Amino acid sequence: MAGRRRKRIHFSKIYTFSCGRSSFKEDHSQIGGPGFSRVVFCNEPDSPEAVLLNYGNNYVSTTKYTVATFIPKSLFEQFRRVANVYFLVAGCLAFTPLAPYTAISAIAPLLFVIGVSMVKEAVEDWRRQKQDIEVNNRKVKVHGGDGNFQHTEWKHLRVGDIVRVEKDEFFPADLLLLSSSYDDAICYVETTNLDGETNLKLKQALEVTSGLHDESSFQNFRATIRCEDPNANLYSFVGTMDYNEMAYPLSPQQILLRDSKLRNTDYIYGLVIFTGHDTKVIQNSTDPPSKRSNIERKMDKIVYFLFSSLALIATIGSIFFGIWTSKDFRNGNMKRWYLRPGDATVYFDPKRAPLAAILHFLTALMLYGYFIPISLYVSIEIVKVLQSIFINQDLNMYYEEADKPAHARTSNLNEELGQVDTILSDKTGTLTCNSMEFIKCSIAGTAYGRGITEVEKAMARRKGSPRLEGSSDESNVEVEVIGSKPPIKGFNFKDERIMNGQWVNEEHADVIQMFFRVLAICHTAIPEVYEETGNVSYEAESPDEAAFVIAARELGFEFYRRTQTSISLHEFDPVSGAKVEQSYKILNVLEFSSSRKRMSVIVQNEEGQLLLLCKGADSVMFESLGKNGREFEDKTRDHINEYADAGLRTLVLAYRVLEEEGYRAFSKEFAEAKSSVSADRDALVDEVASKIENHLILLGATAVEDKLQKGVPECIDKLAQAGIKIWVLTGDKMETAINIGFACSLLRQGMKQIIVALETPDIKALEKQGDKVAIAKASKESVTRQINEGITQISSSIGRSSAFALIIDGKSLTFALEDNVKSRFLELAISCASVICCRSSPKQKALVTRLVKEGIGKTTLAIGDGANDVGMLQESDIGVGISGVEGMQAVMSSDIAIAQFRYLERLLLVHGHWCYRRIASMAFREGGQVVGMEILGTMMYTSVVWTVNCQMALAVSYFTWIQHMFIWGSIGLWYLFLLAYGAMSPTISATAYKVFIEACAPAPSYWLLTLFVVICTLIPYFTYATVAMRFFPMYHQMIQWIRLEGHYKDPEYCQMVRSRSLRPCTVGFTARAEEKAKQIKEKVLHKT
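Okay, so let's go over this structure. The model shown is predicted, which means the values in this text are computed figures rather than measured ones.

**Digging into the overall build of the protein**
Counting its secondary structure elements, the protein contains 35 helices and 36 strands. Counting over 1088 residues, the protein shows a buried share of 51%. A fraction of 72% describes how many contacts in the protein between residues 6 or more apart in sequence connect residues 24 or more apart.

**Quick notes on the pattern of salt bridges**
Scanning all chains against the criterion turns up 41 salt bridges. A salt bridge links Arg 138 to Glu 134, with the shortest nitrogen-to-oxygen separation between them at 3.5 Å. For Glu 134, a relative accessible area of 45% translates into the label partly exposed. Arg 553 is the partner of Glu 554 in a salt bridge, and the nearest nitrogen-oxygen pair spans 3.0 Å. Overlapping salt bridges bring together Arg 81, Arg 292, Glu 296 and Asp 300 as one network.

**Quick look at the environment of Leu 909**
Mapping Leu 909 onto the fold places it in helix 27 (residues 903-925). Linking Leu 909 and Gln 419, residues 490 residues apart in sequence, is a C-alpha distance of 9.6 Å. In contact with Leu 909, not counting residues within four places along its chain, are Lys 718, Leu 719 and Ala 722.

**Points about the sheet that holds strand 17 (residues 407-408)**
Strands sit in the order 17-36-35-34-18-30-33-32-31 across an open sheet of nine strands; the sheet is mixed. Unpaired on one side and paired on the other, strand 17 and strand 31 (752-756) mark the two borders of the sheet. Bridge count between strand 35 (residues 878-882) and strand 36 (residues 896-898): three bridges; the pairing is parallel. Note that in strand 36 the partner of Gly 881 across the bridge is Ala 897. Docked against the sheet, helix 23 (residues 822-830) engages strand 30 (725-729), strand 31, strand 32 (804-808) and strand 33 (834-837), running at close to 140° with respect to strand 32.

**Concerning the packing of helix 32 (residues 1004-1031) against helix 33 (residues 1035-1045)**
With their axes 9 Å apart at the nearest point, helix 32 and helix 33 run at an angle of 75° to one another. If you check the angle between helix 32 and helix 33, you find them roughly perpendicular. Residue-level contacts link Ala 1028, Met 1029 and Arg 1030 of helix 32 to Gln 1037, Gln 1040, Trp 1041 and Glu 1045 of helix 33. Class assignment of the residues belonging to the contact of helix 32 with helix 33 gives a composition of three nonpolar, two polar and two charged.

**Details of the sheet that holds strand 13 (residues 261-263)**
Here three strands make up an open sheet; going across it, the order is 8-7-13 and the pairing antiparallel. Since the sheet does not close on itself, it has two edges, and those belong to strand 8 (201-204) and strand 13, each with one partner. For this sheet the average axis-to-axis angle between neighbouring strands, irrespective of direction, equals 45°. Bridge analysis of strand 7 (residues 186-190) against strand 13 gives three bridges, and the strand direction is antiparallel.

**Some thoughts on helix 16 (residues 660-674)**
In an α-helix, one turn spans 3.6 residues, which is why side chains three or four residues apart end up on the same side. Spanning 15 residues, helix 16 covers 21 Å between terminal C-alpha atoms, matching the ideal 21 Å at 1.5 Å per step. Listed as buried for helix 16 are Tyr 663, Phe 666, Phe 670, Ala 673 and Lys 674. Across the axial projection of helix 16, the buried residues extend over an arc of 85°, all falling on one side. Facing away from the buried surface of helix 16 by more than 90 degrees, the exposed residues are Glu 661, Arg 664, Lys 668 and Glu 672. Residues of helix 16 that are buried sit in contact with strand 25 (579-590), strand 26 (598-604), strand 27 (610-616), strand 28 (649-658) and helix 17 (681-692).

**What to know about the packing of helix 7 (residues 294-326) against helix 8 (residues 353-367)**
Relative orientation of the contacting elements helix 7 and helix 8 amounts to 150°, with a least axis distance of 8 Å. By the criterion of interaxial angle, the relationship of helix 7 to helix 8 is roughly antiparallel. In terms of crossing hand, the pair formed by helix 7 and helix 8 is right-handed. Side by side, helix 7 and helix 8 meet where Leu 310, Ala 311, Ala 314, Thr 315, Gly 317, Ser 318, Phe 321, Gly 322 and Ser 326 of the first sit next to Ala 353, Ala 356, Ala 357, His 360, Phe 361, Ala 364 and Leu 365 of the second. Within the contact of helix 7 with helix 8, the residues separate by chemical class into 10 nonpolar, six polar and no charged.

**Some details on the environment of Gln 78**
Within the element layout of this structure, Gln 78 appears in helix 2 (residues 70-78). For the pair Gln 78 and Ile 114, spaced 36 residues apart in sequence, the C-alpha to C-alpha distance is 6.4 Å. Residue contacts for Gln 78: discarding those within four places in its chain leaves Asn 84, Ile 114, Ser 117, Met 118 and Glu 121. Reaching out from Gln 78, the side chain makes a polar contact with the side chain of Ser 117 at a distance of 3.4 Å.

**Examining the packing of aromatic side chains**
Per the stated rule, a full pass over the model turns up 24 aromatic pairs. On the numbers, 4.6 Å between centres and 45° between planes, the contact of Phe 218 with Tyr 269 is tilted. Of this pair, Phe 218 sits in the loop between strand 8 and strand 9 (224-227) while Tyr 269 sits in strand 14 (residues 267-274), and the two are 51 residues apart along the sequence. Given the relative accessible area of 0%, Phe 218 is considered buried. Ring centres of Tyr 663 and Phe 666 lie 6.1 Å apart, and the angle between their planes is 45°; on these two criteria the pair is classed as tilted.

So, how was this worked out
- Residues numbered from 1 in each chain as written.
- Predicted model: local features only at pLDDT ≥ 70, side-chain atom pairs only at ≥ 80, totals over all residues.
- Heavy atoms only, no water.
- Helix = DSSP H or I, 4+ residues; strand = E, 2+ residues; numbered from the N terminus.
- Buried < 20%, exposed > 50% of the residue type's maximum accessible area, 1.4 Å probe, protein only.
- Contact = heavy atoms within 4.5 Å.
- Salt bridge = Lys/Arg side-chain N within 4 Å of Asp/Glu carboxyl O.
- Pairing = 2+ DSSP bridges.
- Axes fitted to C-alpha atoms, helices over the stretch in contact; angles between N-to-C directions.
- Parallel < 35°, antiparallel > 145°, perpendicular 65-115°, else oblique.
- Nonpolar A, V, L, I, M, F, W, Y, C, P; charged D, E, K, R; others polar.
- Expected span 1.5 Å × (residues − 1).
- Arc of directions from axis to C-beta.
- Left-handed = near helix turned anticlockwise from the far one by under 90°.
- Polar contact = N/O pair within 3.5 Å; in protein donor to acceptor, adjacent residues only side chain to side chain.
- Phe/Tyr/Trp six-rings, centres within 6.5 Å; stacked < 30°, edge-to-face > 60°.

Okay, here's the thing in structure tokens:
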């Protein structure tokens, strides 16, 4: 952009950056052994040695079929239906003299049913193929061997090629980072498609290759890579690079994975290590599965029963046929002389009666084939297609902002939507919007911020509270104050007490000033200044860190410049009322880690004062406060609990003034720990940092909203009330996942958390030793013990109202999914109200989904929006893709696509409910149709047509012209058919010639018998339906009664009926509100 001036320093220079400095302390001794045998010849993909290795190309296919496999695999899918197998056998027999009808009448319906299904399969797979073509034909610059780089399609890449990837492009294969546009060879990578995390990852090349910047410098570059074989582990890599007769160790920090994206870096050069199906993202994927609904499986069982009945009837008939045939010609006498048994063929020969009986059995199997309702399959397929059209055309699931309607990509699973027991959901992009907003804060024991979160809005609507309406009034007031100022991304804070410099009038203005300084200084963000406007924007490692510096800027403490040794602010001066420039010298940055749960910076202000500014989780920060720093502790704790109830992410801010002598001692010890090359270097650094991060003075706490998609809390609450369990499977850190759990009401205050993790001191000690076998054994034992303890804890609380949540990290999940542990893990998980799996790889997501699907034996639904969710969507009974901002991989692998998570409520509770009821009614109410001859056949078919259509009319709750047309039109069409078929020449109509006009229509008995049969067959159904409707109504029937009796105007009666339909739930904002009301009630009772 013209006019932009970037004032930037790299993240790597803010603090000691050692990610690219690997050592041989890792598993590099295994190079060349089993599992570590891959050899890559850099810049020599055509060398004889490379050709002999015969590595695969970079072409990737996600289709279910190929041209060669489509017909056999698709036919196999069709003949998984038992009815199709029967009709295939019957069709083959129809070509023999045994058949009682023509072959074409037996084969044509089967060919039609199978043909339609195969065409549908082909269309769905062609959509996957088009996506593959688009990906494989993307272009990337590849070194041609002469120092020049030329554009080449992804599918033509080979192991050993050197590629140049530009900013905002995806990596075409798994690459070894050689150099980048930055001097220190770092680059920023977005891995949202791999693990769901939105924060940028920092990668750094080896120092020995960091100087390769010019294209010509690669002309003579040669190296040999020896590394691990292809595997699915996204977070590990072991290898070495032999270059200039030196061996350099490689680590995950040099690896750029396919489908991740280059960010904030102009370009990188990389060496292709793994291609195509050897890449880690494809290793984490699963083949497209064949999904069948439960109703279809039950229909197979019914077909087995019908076939058994058919075989029994045919057997009994054939036995009697054989007995009577054997008596037709005995001692020269013909008992049934009119059959001319003396001249009979084998089919009626009395001398070969057993053979005639067997042949009669085969004929009977075909003759009674109408027991097997092939027409029912055709009818169900048509109804499913119509249901898919209803889903696609539903305006209540149309996302107008992005012009994206719902899309049922397959019609096979419509009825399964009404039977979902467990939902397995991704987090980033599915539940959240990938953005953070600073919304509230607590400073010096005073709560600031009048914003209302999605959770609070949902709770207010649930209670009918006027607070919701009040929020709109507040926003109107705010508009009047600040005019037409556009919304600021990352900042949704409203409070006139401290905005626009008004904080100087507060009681603890000095504390507020220090609070804002911590926000503006304690971070690793990079400012970008636009020269034309003077506006400042920020690049941060995580969206919540960006929200903090944006909040500081909007509240009068603008961070605008950073160098390697200093940070500069424009601060609001309470004396002059104007902004003044303040510079702080950066002495140390104590990095954030999952074990420390805090971050600190040590700076020196212009007066020479040494300050330690710290922010972190309340669980560790309150423990680090000094005696003189706890003045606001109680009130801050209360505010943090309130913020957590509102679904906000909180951090505690504190500071400390350092003495020079104490700091010098710390600085020396800290430098020694940072320069250590021992295996426990990180532990040494953490230990030294903790020595100075104490005796802190509490300032307050921040509350940031990880912005949920609109309607997520309400949707989760409704699904929970319907008895549907919700699991969250995410690649995010545990802290982030827990915060989102609170935000969307899967977790709440008072819910007991069972955390299964491997961050114990014993495991860490073993990791330092590097003994993989001992680590694996101890880890498995630890996970098993924690799971058993969790089961015991839940068992001991039976009978109480306690709700439990299971939270497990990716390392623990690896062992929890092993064969002899997974049953106990599933037992623990299904006993908990909520389950959150953190740091989950795509393959782990798929394995968890498979475990739930097979373990509980009920319908599972997976929902996600990224490529890392594809395996999960394919493994579940129903895969729902969110057509969001992370590409179309999830949508193309899904069964149904929607634009927002909130549409899941309507998809399951409305479309799912009615699709299931209607398909179930068709599948299990239509009877078989038995063929008859002439008048008897006409009579029977007429009765069946009237009975089936009248039963449908009784089942319809609300008639439209469509119902009238199809029900009564079907009956009319039957009589038109009798007239038309009977009017045809006897060569076509045979014995049915004018049977209706001459035999049936003039006979009163025909019409009376039809009426009698219809009434007799409908009385049991009508009686059952009437009793059920009157005395045991379902919930939708209760609503019909309310309307009929006029009670819909009585809110108390409606609420009573509604309460009956609600299932007790332990998650959702309803459960949260009920729990809070219960706590308040207990407090009142306790006081009285």
